[in-house]
Amino acid sequence: MVILALLTTVCIGLVAFLSGKLLSLPAITARAFILVVIGMNAGNFGLSVNYFAFGEEALAWASIFFVTNSLIINSVGVFIATVGKLSPKDALKGLLKVPTAYTIPLAFIVRAIDIDFPLGIWRSIELLSSASIPCMILVLGMQIGNNGFPKRIALIGVASVLRLIVSPAIAFLIAQYLELSGAAFQAGILEAAVPTAVITSIIALEFDVDPSFVTGSVLISTLLSPITITPLLALLGA
């Protein structure tokens, strides 16, 4: 599943890069375009839909996909957002400002060696984790309120097609090549078909990478996702 998530993200990123070239997008918009295409809402959206449609086994596989894509977005995604404004060396240094890039590997280490932190530390982590999604939604709402109705609808439409249709098609081909089946196959395809993640709008706002376009893409792709995911669930046997 890690390989599926990695290859799907890389392939759809290359498609987004080539599409940006064909559309002659300005550099900053091209970076934002790639960001919204590779940024999958595989967590609070994808995990929930997988569990609802296919059960606990699919949820376990989907969680692996989500963690892999999250690492990519919070490392490669941040690098893409900053590399046009900073030198590649400084852009790599900027990754140190993104906690997810090193906290996820740290979490794996903690789980692997079974460290038992004091109750006060665990409670603090739980409170912060519970607040993360509401905070991201609040930031997204503030950006939507500031920017108004999304502009550049045609370009957002192209990004949404890549995110909602082309991405799962690529994942399907890769999953076939990897000979995945059952819940793993279903979870991987569905995770690749989710709309653009809210975290992309926060990255865009933090690094000033056309945040209005990114926010519009998050909104429109999320609104369109039931139209594409519903038939996909039927095809996957939900």
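Residues numbered from 1 in each chain as written. Predicted model: local features only at pLDDT ≥ 70, side-chain atom pairs only at ≥ 80, totals over all residues. Heavy atoms only, no water.

A.B. asks: Could you give an account of the packing of helix α1 (residues 2-22) against helix α8 (residues 153-177), with specific residues and numbers?
C.D. replies: Helix packing geometry: the angle between the two helix axes and the distance between the axes. Contact pair α1 / α8: the axes reach a minimum separation of 9 Å and the direction vectors enclose 135°. Accordingly, the angle class assigned to the pair α1 and α8 is oblique. For the pair α1 and α8, the crossing hand works out as right-handed. Packed against α1, whose contacting residues are Leu4, Leu7, Thr8, Cys11, Ile12, Val15, Ala16 and Ser19, the element α8 presents Leu162, Val166, Ser167, Ile170, Ala171, Ile174 and Ala175 at the interface. (Axes fitted to C-alpha atoms, helices over the stretch in contact; angles between N-to-C directions. Helix = DSSP H or I, 4+ residues; strand = E, 2+ residues; numbered from the N terminus. Parallel < 35°, antiparallel > 145°, perpendicular 65-115°, else oblique. Left-handed = near helix turned anticlockwise from the far one by under 90°. Contact = heavy atoms within 4.5 Å.)

A.B. asks: Report on the pattern of salt bridges, specifying residues and quantitative values.
C.D. replies: In total, this model carries 1 salt bridge according to the counting rule given. Across the pair Asp210 and Arg152 runs a salt bridge, and its minimum N-O distance is 2.8 Å. On the criterion of sequence distance, the pair formed by Asp210 in the loop between α10 (198-207) and α11 (211-235) and Arg152 in the loop between α7 (119-147) and α8 is long-range, its members being 58 residues apart. In this structure Asp210 comes out as buried when scored by relative accessible area, which is 12%. For Arg152, a relative accessible area of 37% corresponds to the partly exposed category. (Salt bridge = Lys/Arg side-chain N within 4 Å of Asp/Glu carboxyl O. Buried < 20%, exposed > 50% of the residue type's maximum accessible area, 1.4 Å probe, protein only.)

A.B. asks: Give me the lowdown on α10, citing residues and values where you can.
C.D. replies: Here α10 has its buried residues at Val198, Thr200, Ser201, Ile203, Ala204 and Phe207. Positive phi shows up at Asp208, right after α10, with a value of about 55°.

A.B. asks: Could you give me a rundown of the nonpolar core, with the residues and numbers involved?
C.D. replies: Core analysis: the largest hydrophobic core is formed by 54 residues, its most contacted members being Phe33, Val37, Phe65, Leu190 and Phe213. Here Phe65 is in contact with Met1, Leu4, Ala5, Met40, Ala42, Gly188, Glu191 and Ala192, once residues within four sequence places are set aside. (Core = buried A, V, L, I, M, F, W, Y, C linked by side-chain atoms within 4.5 Å.)

A.B. asks: Talk me through the side chain of Thr228; I want residue IDs and the actual numbers.
C.D. replies: Positionally, Thr228 belongs in helix α11. At 3.1 Å, the side chain of Thr228 and the backbone oxygen of Ser225 are in polar contact. Discounting residues that sit within four places of it in the chain, Thr228 has contacts with Leu164 and Ile165. (Polar contact = N/O pair within 3.5 Å; in protein donor to acceptor, adjacent residues only side chain to side chain.)

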